[in-house]
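Coordinate inspection notes
Each chain, letter by letter, is given below.
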Amino acid sequence: MEKKAQLYEGKAKKVFATEDPSLVIVSYKDDATALDGLKKGTIAGKGVINNKMSNYLCRLLEKHGVPTHFVKELNDRETLVKKVSIVPLEVIVRNISAGSFAKRYGVSEGIVFEEPTIEFSYKNDELHDPLINSSHALALSLATKAEIEKIKEYAFRVNDVLKEYFLSIGVKLVDFKLEFGRLADGTVILADEISPDTCRFWDAETNEKLDKDRFRRDMGGVEDAYNEMMKRVFGN
């Protein structure tokens with residue numbers, strides 16, 4: 001599949017057109033941002049890890065009935081995916097208190113919830129992705145009622161599948177962010193990536209952070225954490 005004109009460049013990825021209007025190529029970068037873009041840096045090898053891990057997890061989720069944008073891994077950094085129009089909602093599922101949840105509600109990190117929580121934020125850089133609820137999403141015409149229900153159903157299924165999978169490789173899935181997109185016919189599918197950039201991973205024994213929090217919080221060992229997750233998923 002030949003790479004054509006660049007359609008988009010985000011914080012972590014570039015998207016290119018192909019000769020097929022229904023397919024695009026996603027290219028993963030090593031660039032890293034945090035704190036609403038205020039903190040910028042590079043995590044060596046991150047693009048390769050996020051590309052390969054996302055593709056592996058998309059294939060796993062497809063087997064469990066979650067449709068995704070994944071088509072074919074082209075090389076270490078590039079993947080062919082279905083072209084979607086992104087639903088402007090960030091969908092966050094949480095199993096354990098951490099990050100903005102702990103800060104917002106004044107609780108300590110590490111509280112295991114009886115049931116997972118779900119929250120939406122409005123994907124809008126100018127407004128700094130404010131937290132919204134389903135009614136707000138409907139009022140703003142970001143998604144239909146049926147789409148919101150489908151997104152919730154898929155998000156919880158993703159959580160069930162990934163929580164069990166990660167625990168099998170000694171990792172707690174603390175929380176994660178998903179994005180969904182619409183195909184040309186309106187079908188909603190899982191898009192974007194699932195990686196240490198978009199998930200909080202803690203070692204199941206030690207609670208050591210194995211994700212982007214090490215970059216956000218200047219903890220050091222960022223590349224080591226990403227490489228450790230790669231090793232757990234794919235072996236040596």
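Remember, it's a predicted structure, so these values are computed and weren't measured experimentally. (Residues numbered from 1 in each chain as written. Predicted model: local features only at pLDDT ≥ 70, side-chain atom pairs only at ≥ 80, totals over all residues. Heavy atoms only, no water.)

So, on to the overall build of the protein. Along the backbone of the protein there are six helices and 14 strands. For 236 residues, the compact-globule estimate of 2.2 N^0.38 gives 18 Å, and the protein sits close to it at 17 Å. Its C-alpha atoms give the protein principal-axis dimensions of about 50 × 45 × 35 Å. When each of the 236 residues of the protein is scored for burial, the buried share is 50%. Taking all contacts inside the protein whose residues are at least 6 apart in sequence as the whole, residues at least 24 apart take part in 55%. Counting every atom, the protein has about 11,400 Å² of accessible surface; 51% of that belongs to carbon and sulfur. (Helix = DSSP H or I, 4+ residues; strand = E, 2+ residues; numbered from the N terminus. Rg over C-alpha atoms; globule rule 2.2 N^0.38 Å. Buried < 20%, exposed > 50% of the residue type's maximum accessible area, 1.4 Å probe, protein only. Contact = heavy atoms within 4.5 Å. Areas by Shrake-Rupley, 256 points an atom, 1.4 Å probe, with all protein chains shown as cover.)

Let's shift gears to the side chain of Glu193. Locating Glu193 in the fold gives a position in the loop between β13 (188–191) and β14 (199–203). At 2.6 Å, the side chain of Glu193 and the side chain of Ser195 are in polar contact. Apart from the residues within four sequence positions on either side, Glu193 is in contact with Ala12, Lys13, Tyr28, Asn50, Ser54, Lys177 and Thr198. (Polar contact = N/O pair within 3.5 Å; in protein donor to acceptor, adjacent residues only side chain to side chain.)

Using the criterion set out here, one finds zero disulfides in the structure. Cysteine Cys58 shares no disulfide, and the gap to the nearest cysteine sulfur, in Cys199, comes to 11 Å. Since its relative accessible area comes to 5%, Cys199 is described here as buried. (Disulfide = S-S within 2.5 Å.)

Before going further, it helps to spend a moment on the nonpolar core. Among the nonpolar cores identified, the biggest contains 47 residues, and Leu162, Phe166 and Leu178 are the most heavily contacted of them. At nine residues, helix α4 (residues 145–168) tops the list of elements feeding residues into this core. The next biggest cluster of nonpolar side chains, apart from the first, holds five residues, and it includes Val15, Val24, Val26 and Val81. (Core = buried A, V, L, I, M, F, W, Y, C linked by side-chain atoms within 4.5 Å.)

Relative to the elements of secondary structure, Thr68 occurs in the loop between α1 (46–63) and β6 (70–73). Relative accessible area serves as the criterion here: at 0%, Thr68 is assigned to the buried category.

Turning our eyes to something else, we now look at the packing of aromatic side chains. Within a pair of aromatic rings, the relevant descriptors are the distance that separates the centres and the angle that separates the planes. As enumerated under the stated definition, the model contains seven aromatic pairs in all. Measuring from ring centre to ring centre gives 6.5 Å for Tyr154 and Phe180, while their planes differ by 15 degrees; the resulting arrangement is stacked. Remark: Phe180 occurs in strand β12 (residues 171–182) and Tyr154 occurs in helix α4; sequence separation between them is 26 residues. Across the pair, Phe180 and Tyr154 agree in class, each one buried. The interplanar angle of 50 degrees and the centroid separation of 4.7 Å between the aromatic rings of Phe166 and Phe201 together place this pair among those described as tilted. Taken together, the positions of Phe166 in helix α4 and Phe201 in strand β14 put the pair 35 residues apart, joining distant regions of the chain. Phe201 matches Phe166 in its accessibility class, with the two residues each being buried. Taken together, the aromatic side chains of Tyr56, Tyr165, Phe166, Phe201 and Phe234 make up a single cluster linked through ring pairs. Over the ring of Phe16 we find Lys3, and its NZ or CZ is 4.5 Å from the ring centre. (Phe/Tyr/Trp six-rings, centres within 6.5 Å; stacked < 30°, edge-to-face > 60°. Lys NZ or Arg CZ within 6 Å of the ring centre and 35° of its normal.)

Pairing between side chains of opposite charge can happen when their charged atoms approach one another. Taken as a whole, this structure holds 27 salt bridges when the rule is applied. Glu179 is the partner of Lys123 in a salt bridge, and the nearest nitrogen-oxygen pair spans 3.4 Å. Residue Lys123 is located in the loop between β10 (112–122) and β11 (131–132), and its partner Glu179 is located in strand β12; the two are separated by 56 residues in the primary sequence. In this structure, a network of salt bridges that share partners links the residues Arg94, Arg104, Glu109, Glu119, Asp175, Arg200, Lys209, Asp213, Arg216 and Arg217. (Salt bridge = Lys/Arg side-chain N within 4 Å of Asp/Glu carboxyl O.)

What follows deals with the pairing of β12. With respect to burial, β12 is a largely interior element, 10 of its 12 residues being buried. Here strand β8 (residues 85–86) pairs with β12 via two bridges, running antiparallel. Bridged to Ile86 within β12 is Gly181. As judged from the four bridges shared by strand β9 (residues 89–96) and β12, these two strands associate in the antiparallel manner. Note that in β12 the partner of Ile92 across the bridge is Lys177. Here β12 pairs with β14 via five bridges, running antiparallel. Its bridge partner being in β14, Asp175 is matched across the sheet by Arg200. Where β12 and β13 come together, four bridges link them in antiparallel fashion. (Pairing = 2+ DSSP bridges.)

Just geometry here; none of it tells us what the structure is for.
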